[in-house]
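One-letter residues, chain by chain:
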Amino acid sequence: METETLALVQEIDFSLWALFARATLTVKLVMILLIVASFWSWSTIIQKLITYRSARREAQRFDRNFWSGEPLDALFDQIGTDPKGHSEKIFAAGMIEWRRSHRDDGALIAGAQARIDRSMDVAIAKEAEGLQQGLPLLATVGSTAPFVGLFGTVWGIMHAFINIAEQQNTNLAVVAPGIAEALLATGLGLLAAIPAVIFYNKLSADADRIIAGYEAFADEFSTILSRQLDL
């Protein structure tokens, strides 16, 4: 009898596609949702890695130009009022307000330093929002995917036990397929969640470091302008 049972089990197709095809509609929907979430997470991860790498390179390039000794007005004239680079946008925001703070006779309007700082703070906030966009998705997938997968597993096991009760047969050939299909949902949940959690932590730290660099530059630039104001 045991030999016959093992023979029946060996004849069952346990490939991933076969497990998906035999699953109930609810478990299939759970699996599809987790697969979509996984692809969505990876697309966000790859896009953010490229974006952050580009932002770091742009910041390094701009720092070299900023500290090259070239006059700030000349540097501003080169990049214009609507530059593409993140660091350049912060610099442009400060320079635009700096020029607006001069009267026609060359005198400075009162409160120029505060307005310049606020302009750069607003520019930093906009750049930070762009850098952090998409990270909440990774946090959501990382925190919910295991539970979604667990729901699929519980539903699949429940359906497997219903089949056992209907057939009144606890044979391994009857039990194994349903349990395997149910556990696949948990596996997909972990497959989606683990990379999302790992890269959420990494990308969040990367974004914080880039934003901190922008804030440090704004402070240095503000200090340079404050010296001009005190002359």
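Structure: see above.
Report follows, based on the coordinates. Treat the numbers as computed from the prediction; the structure is a model and nothing was measured.

Bringing the overall build of the protein into the picture now. Scanning the protein from N- to C-terminus turns up 8 helices and 0 strands. What you see in the protein, going N to C, is helices and strands ordered as α-α-α-α-α-α-α-α. Here the protein holds 231 residues, and the buried ones make up 39% of them. The long-range share in the protein, meaning contacts at least 24 apart out of those at least 6 apart in sequence, stands at 78%. Carbon and sulfur atoms form 62% of the exposed surface of the protein, whose accessible area is close to 13,500 Å².

This part takes up the environment of Met158. Position of Met158 relative to the elements: it lies in helix α7 (residues 135-167). Placed 21 residues apart in sequence, Met158 and Ile179 show a C-alpha to C-alpha distance of 9.3 Å.

Bringing the pattern of salt bridges into the picture now. Scanning the model with the defined rule gives 5 salt bridges in all. For Asp73, the salt bridge identified is with Arg99, shortest N-O distance 3.4 Å. Placement of Asp73 in helix α4 (residues 72-79) and of Arg99 in helix α5 (residues 86-100) is noted, with a sequence separation of 26 residues between them. Take Asp73: its relative accessible area is 39%, and that puts it in the partly exposed class. Note that Glu97 and Arg115 form a salt bridge whose closest N and O atoms lie 3.2 Å from each other. Here Glu97 is found in helix α5, whereas its partner Arg115 is found in helix α6 (residues 112-132), with 18 residues between them in sequence.

Right, let's talk about the environment of Leu34 for a bit. Among the secondary structure elements, Leu34 is positioned in helix α3 (residues 25-66). The spatial distance from the C-alpha of Leu34 to the C-alpha of Val141 is 8.8 Å, given a sequence separation of 107 residues. Not counting residues within four places of it along the chain, the set of residues in contact with Leu34 comprises Ala145, Val148, Gly149, Ala185, Leu188, Gly189 and Ala192.

Among the residues making up α4, those that are buried are Leu72, Leu75, Phe76 and Ile79. Along the long axis of α4, the arc covered by the buried residues comes to 100 degrees, so they all point the same way. α4 presents Asp77 and Gln78 as exposed residues on the side facing more than 90 degrees away from its buried surface. Looking one or two places after α4, you find Gly80, whose phi comes out positive at around 85 degrees.

This next bit is on the packing of aromatic side chains. For the structure shown, the criterion picks out 12 aromatic pairs. The interplanar angle of 90 degrees and the centroid separation of 4.9 Å between the aromatic rings of Phe66 and Trp67 together place this pair among those described as edge-to-face. The partly exposed category is assigned to Trp67, whose relative accessible area is 49%. Their ring planes at 45 degrees and their centres at 6.0 Å tell us that Phe151 and Trp155 sit as a pair that is tilted. Here the residue Phe151 and the residue Trp155 both occupy positions in helix α7, the gap between them amounting to 4 residues, near one helical turn. What makes Phe151 partly exposed here is its relative accessible area of 43%. The structure contains a cluster of three or more aromatic residues connected by ring pairs, namely Phe62, Phe66, Trp67, Phe76, Phe91, Phe217 and Phe221.

Where like charges cluster on the molecular surface, the negative patch consists of Asp63, Asp121, Glu215, Asp219 and Glu220. The biggest single contributor to the negative patch is helix α8 (residues 172-230), with 3 residues. Mapped onto the fold, Asp63 is located in helix α3.

Next up on the list: the side chain of Thr44. Tracing the chain through its elements places Thr44 in helix α3. With relative accessibility at 10%, the residue Thr44 sits in the buried group. At 3.0 Å, the side chain of Thr44 and the backbone oxygen of Trp40 are in polar contact. The residues touching Thr44, leaving out its near neighbours within four places in the chain, are Gly134, Leu137 and Leu138.

Rules used throughout
- Residues numbered from 1 in each chain as written.
- Predicted model: local features only at pLDDT ≥ 70, side-chain atom pairs only at ≥ 80, totals over all residues.
- Heavy atoms only, no water.
- Helix = DSSP H or I, 4+ residues; strand = E, 2+ residues; numbered from the N terminus.
- Buried < 20%, exposed > 50% of the residue type's maximum accessible area, 1.4 Å probe, protein only.
- Contact = heavy atoms within 4.5 Å.
- Areas by Shrake-Rupley, 256 points an atom, 1.4 Å probe, with all protein chains shown as cover.
- Salt bridge = Lys/Arg side-chain N within 4 Å of Asp/Glu carboxyl O.
- Arc of directions from axis to C-beta.
- Phe/Tyr/Trp six-rings, centres within 6.5 Å; stacked < 30°, edge-to-face > 60°.
- Patch = residues over 30% accessible without salt bridge, like charges linked within 9 Å, V, L, I, M, F, W, Y side chains within 5 Å.
- Lys, Arg positive; Asp, Glu negative; His and termini not counted.
- Charge placed at Lys NZ, Arg CZ, Asp CG, Glu CD.
- Polar contact = N/O pair within 3.5 Å; in protein donor to acceptor, adjacent residues only side chain to side chain.

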